[in-house]
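# Chain and residue survey
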Amino acid sequence: MSKKSATVTEDELLQRRISHAHWLSDMLQDPTSTVSLTVAAYADLLDELLHDVALEAHREHRTGVLLPYGTQQPLPPLPGTKGATDVFGQVHPGTATDIVTCMHCGRKAQAGKFAYHLEKCLARGRGAAGSARTSRRAGV
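Residues numbered from 1 in each chain as written. Predicted model: local features only at pLDDT ≥ 70, side-chain atom pairs only at ≥ 80, totals over all residues. Heavy atoms only, no water.

### Quick look at the overall build of the chain
In terms of regular secondary structure, the chain is built from 4 helices and 2 strands. For the chain, the N- to C-terminal ordering of α and β elements is α-α-β-β-α-α. Counting the 140 residues in the chain, one finds 9% classified as buried. Partitioning the contacts of the chain with sequence separation of at least 6, the portion at a separation of at least 24 is 9%. Entry remark: accessible area of the chain is about 12100 Å², with carbon and sulfur atoms responsible for 60%. (Helix = DSSP H or I, 4+ residues; strand = E, 2+ residues; numbered from the N terminus. Buried < 20%, exposed > 50% of the residue type's maximum accessible area, 1.4 Å probe, protein only. Contact = heavy atoms within 4.5 Å. Areas by Shrake-Rupley, 256 points an atom, 1.4 Å probe, with all protein chains shown as cover.)

See below:
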């Protein structure tokens, strides 16, 4: 008898699960139902998450941060490049290395350091501006 009663409960359980599956299927057919809207919202979230992960993995792979599967060492840089590359494979130096001539004193300086040179050359840097404010306050 115990096997028969266990079978009946398993049959009832299976029938309940089938009826729940039919109910869920009917609810998903109606685009205005809460179930259908919830599934659509989760699908959109999942799509955005997968898109973000794919873009991040692509960016890391292109810049050399992400190692290909199974490698232990980073990939060598692209031929003819020095340093890290951006997403498009272009190399940008840390500081601008173009040589610029100062129009005030005629000295040559790297473009990345030209603002510092010009500040000192024209004596209108932060220190000079601060001292001018101080002298104006003092009434000098």
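### Some words on the side chain of His117
With respect to the helices and strands, His117 occurs in helix α3 (residues 114-121). According to the relative accessible area criterion, His117 is buried, its value standing at 14%.

### A look at a nonpolar patch on the surface
On the surface, a cluster of nonpolar side chains totalling about 370 Å² of accessible area is made up of Trp23, Leu24, Leu28 and Val39. Here the element with the most residues in the nonpolar patch is helix α1 (residues 2-29); it accounts for 3 residues. Here Trp23 is to be found in helix α1. (Patch = residues over 30% accessible without salt bridge, like charges linked within 9 Å, V, L, I, M, F, W, Y side chains within 5 Å. Salt bridge = Lys/Arg side-chain N within 4 Å of Asp/Glu carboxyl O.)

### Thoughts on the state of the cysteines
Taken as a whole, this structure holds 0 disulfides when the rule is applied. Cys121 supplies the cysteine sulfur nearest to Cys105, a cysteine that is in no disulfide, at a spacing of 3.7 Å. Take Cys105: its relative accessible area is 39%, and that puts it in the partly exposed class. Classification of Cys121 by relative accessible area gives partly exposed; the value is 21%. (Disulfide = S-S within 2.5 Å.)

### Some remarks on the confidence of the model for the chain
Where the model shows low pLDDT, its predicted coordinates should not be examined in detail. Averaged over every residue, the pLDDT of the chain is 77; the share at 70 or more is 64%. Per-residue pLDDT, averaged within each element of the chain, yields its smallest value for helix α4 (residues 126-138) (52) and its largest for helix α2 (residues 34-63) (90). (pLDDT = per-residue confidence, 0-100.)

### Some remarks on a negative patch on the surface
Together, Asp44, Asp47, Glu48, Asp52 and Glu56 line one region of the surface with negative charge. Along the polypeptide, Glu48 turns up in helix α2. The class for Glu48 is exposed, based on a relative accessible area of 54%. (Lys, Arg positive; Asp, Glu negative; His and termini not counted. Charge placed at Lys NZ, Arg CZ, Asp CG, Glu CD.)

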